[in-house]
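Listed here are the chains, written in short residue letters.
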Amino acid sequence: MNKRITLAIAISAALCGALSTASAAGMAEMHKGHEMPGHQMDGMKMEHAGKADDSSIGQAGDAAKVSRTFRIVMGDDMRFTPSTIKVRQGETVRFDIINQGKLKHEMVLGTPQELKAHYAAMLKYPDMEHADDNQLTLAGGKQGELIWQFSRDGVIDFACLQPGHYDAGMKGSVSVTAAPAHRH
Ligand SMILES: [Cu+2]
């Protein structure tokens, strides 16, 4: 009998503890909810700024070192044409990007993880504007360029992160072949 009462008290104490923890967490969550938009936007801007010189995908290229130019067409069919590009490690290329559609499209270079995270942010804040060396957003009918140096070998993705476009398959990849070993 005594044992049972003790147990009941212990349980209610535990429950009570759990509840107050939960409500404290709930309040923190609410508080966070109020503050999040501004903070998160700042955080994302900083994140964007960091991506431009992310060495895992390369870096902004020097126009004087461009060895080749690739013409990339973006369309309302949610495709990049071509969607696969081959470059050599260390090469600096110019992308002449043409938006032949009526919708806004963009070409953003990144790792798959970066592109996915960025796309999720774009779904939340569709009006979010961004301009960085690794990306170019174009209104319908517009044309522009990106100059990029691919400093590492491997596959680097690119995508249009306008809401719905990435899901519709508006993506492509650049395969970067390793620089041949130096021979004498
Ligand atoms: Cu698009």
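Here we come to the sheet that holds strand β9 (residues 154–159). In spatial order, the strands read β4-β10-β9-β6-β7; together these five strands make up an open sheet with mixed pairing. Unpaired on one side and paired on the other, β4 (84–88) and β7 (135–138) mark the two borders of the sheet. This sheet shows a mean twist of 20° between the axes of neighbouring strands, independent of strand direction. When strand β6 (residues 105–110) meets β7, the two strands line up antiparallel, connected through four bridges. Bridge pairing in β7 links Glu106 to Thr137. Sheet strands in contact with helix α2 (residues 112–124) are β6 and β9, and its direction is about 140° off that of β6.

Locating Ala168 in the fold gives a position in the loop between β9 and β10 (171–177). Considered as a pair, Ala168 and Arg79 are 89 residues apart in the sequence and their alpha carbons are 8.6 Å apart.

Right, let's talk about the sheet that holds strand β5 (residues 92–99) for a bit. Read from one edge of the open sheet, five strands run β1-β8-β5-β2-β3, paired in mixed fashion. Either end of the sheet is taken by a strand with one partner, and the two such strands are β1 (59–60) and β3 (79–81).

This part is about the pairing of β9. Summarising the sheet, β6 and β9 pair through three bridges and their orientation is antiparallel. Bridging from a neighbouring strand, Val108 pairs with Ala159 of β9.

Attention now goes to α2. Given a rise of 1.5 Å per residue, 13 residues ought to cover 18 Å, and the 19 Å separating the end C-alpha atoms of α2 matches this to within 8%. Buried within α2 we find Glu114, Leu115, His118, Tyr119 and Met122. Buried residues in α2, looked at end-on, bunch into an arc of 130°, giving them a common side. Across from the buried face of α2, at angles greater than 90 degrees, the exposed residues are Gln113, Ala120 and Lys124.

Thresholds, definitions, all that
- Residues numbered from 1 in each chain as written.
- Predicted model: local features only at pLDDT ≥ 70, side-chain atom pairs only at ≥ 80, totals over all residues.
- Pairing = 2+ DSSP bridges.
- Helix = DSSP H or I, 4+ residues; strand = E, 2+ residues; numbered from the N terminus.
- Axes fitted to C-alpha atoms, helices over the stretch in contact; angles between N-to-C directions.
- Contact = placed C-beta atoms within 7 Å.
- Expected span 1.5 Å × (residues − 1).
- Buried ≥ 20, exposed ≤ 12 C-beta atoms within 10 Å, placed from the backbone.
- Arc of directions from axis to C-beta.

As far as function goes, none of this settles anything; it's purely spatial.
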